[in-house]
Amino acid sequence: MKTIALFLVVFSTLFGGNNMSIYDFEVKKIDGQTIKLDTYKNRVMLIVNVASKCGFTPQYEGLEKLHQKYNKDGLSILGFPCNQFLSQEPGSNKEIASFCKLTYGVKFDMFAKIDVNGDNTDPLYVYLKEKSPGFLGTEAIKWNFTKFLVDKKGKIYQRYSPSTKPEEIEKDIVYLLNN
């Protein structure tokens, strides 16, 4: 399924008929359950590649605070563990889930570990990077805790650098929740 989704992203991009939506992607939750992102239709999403042994790992606390404050209003935070940056996410999905819950009380949605760059990039991240390039148009994810804010209609509103703290995104989240 991952190969088919990646093919569709590449095909849509090359041949211009890019009718693909973020809601077309399937992802695996950290418990192994596969879900379609259309589960999040009409919700604001904050999609983040996360890691447990990174200098930015304390951002879990801010992400969880945003989840607690705005989940009932329509915000969904989606955490995607990634081990591509100095092996800062070495654990299994079960170990990652335990760390997040015990250390930061994470209750927002966590997903199975993925690659966000390279030959095995998860199709969702191929899409996110193509739709919202980073600094100077580069698509590569530079580090853990790169964030993508997606509006209620599935359009990427903004890409944020790893150093952007979750609380700095709050005003944009509130804007999207109210529009």
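You'll find the structure just up there.
Let me begin by describing the structure that accompanies this report.

What counts, and where the lines are drawn
- Residues numbered from 1 in each chain as written.
- Predicted model: local features only at pLDDT ≥ 70, side-chain atom pairs only at ≥ 80, totals over all residues.
- Heavy atoms only, no water.
- Salt bridge = Lys/Arg side-chain N within 4 Å of Asp/Glu carboxyl O.
- Helix = DSSP H or I, 4+ residues; strand = E, 2+ residues; numbered from the N terminus.
- Buried < 20%, exposed > 50% of the residue type's maximum accessible area, 1.4 Å probe, protein only.
- Core = buried A, V, L, I, M, F, W, Y, C linked by side-chain atoms within 4.5 Å.
- Contact = heavy atoms within 4.5 Å.

## What about the pattern of salt bridges?
Proximity of charged atoms lets side chains of opposite charge pair with each other.
In step 1: Tallied over the full model, the rule gives 4 salt bridges.
In step 2: Ionic pairing is found between Lys-65 and Glu-61, a salt bridge with its closest N-O pair at 3.6 Å. In this pair, Lys-65 and Glu-61 both sit in helix 2 (residues 59–70), 4 residues apart, roughly one turn of the helix.
In step 3: With a relative accessible area of 42%, Glu-61 lands in the partly exposed category.
In step 4: Lys-69 serves as the salt-bridge partner of Glu-170, at 2.8 Å between the closest nitrogen and oxygen. Here Lys-69 lies in helix 2 and Glu-170 lies in helix 5 (residues 166–177), a separation of 101 residues in the sequence.

## Section: the nonpolar core
In step 1: Formed by 25 residues in total, the largest nonpolar core has its most connected members in Ile-22, Ile-47, Phe-80, Leu-124 and Tyr-125.
In step 2: Counting only elements with at least two residues in this core, the list comes to strand 3 (44–50), strand 4 (75–81), helix 4 (123–131) and strand 6 (147–150).
In step 3: Sequence-distant contacts of Phe-80, defined by excluding residues within four places in its chain, comprise Val-27, Ile-47, Val-48, Asn-49, Val-50, Phe-111, Ala-112, Ile-114, Leu-124 and Tyr-125.
In step 4: Val-44, Ile-96, Val-106 and Phe-145 belong to the second largest nonpolar core, which has 23 residues in total.

Shape descriptors only; they carry no functional weight alone.
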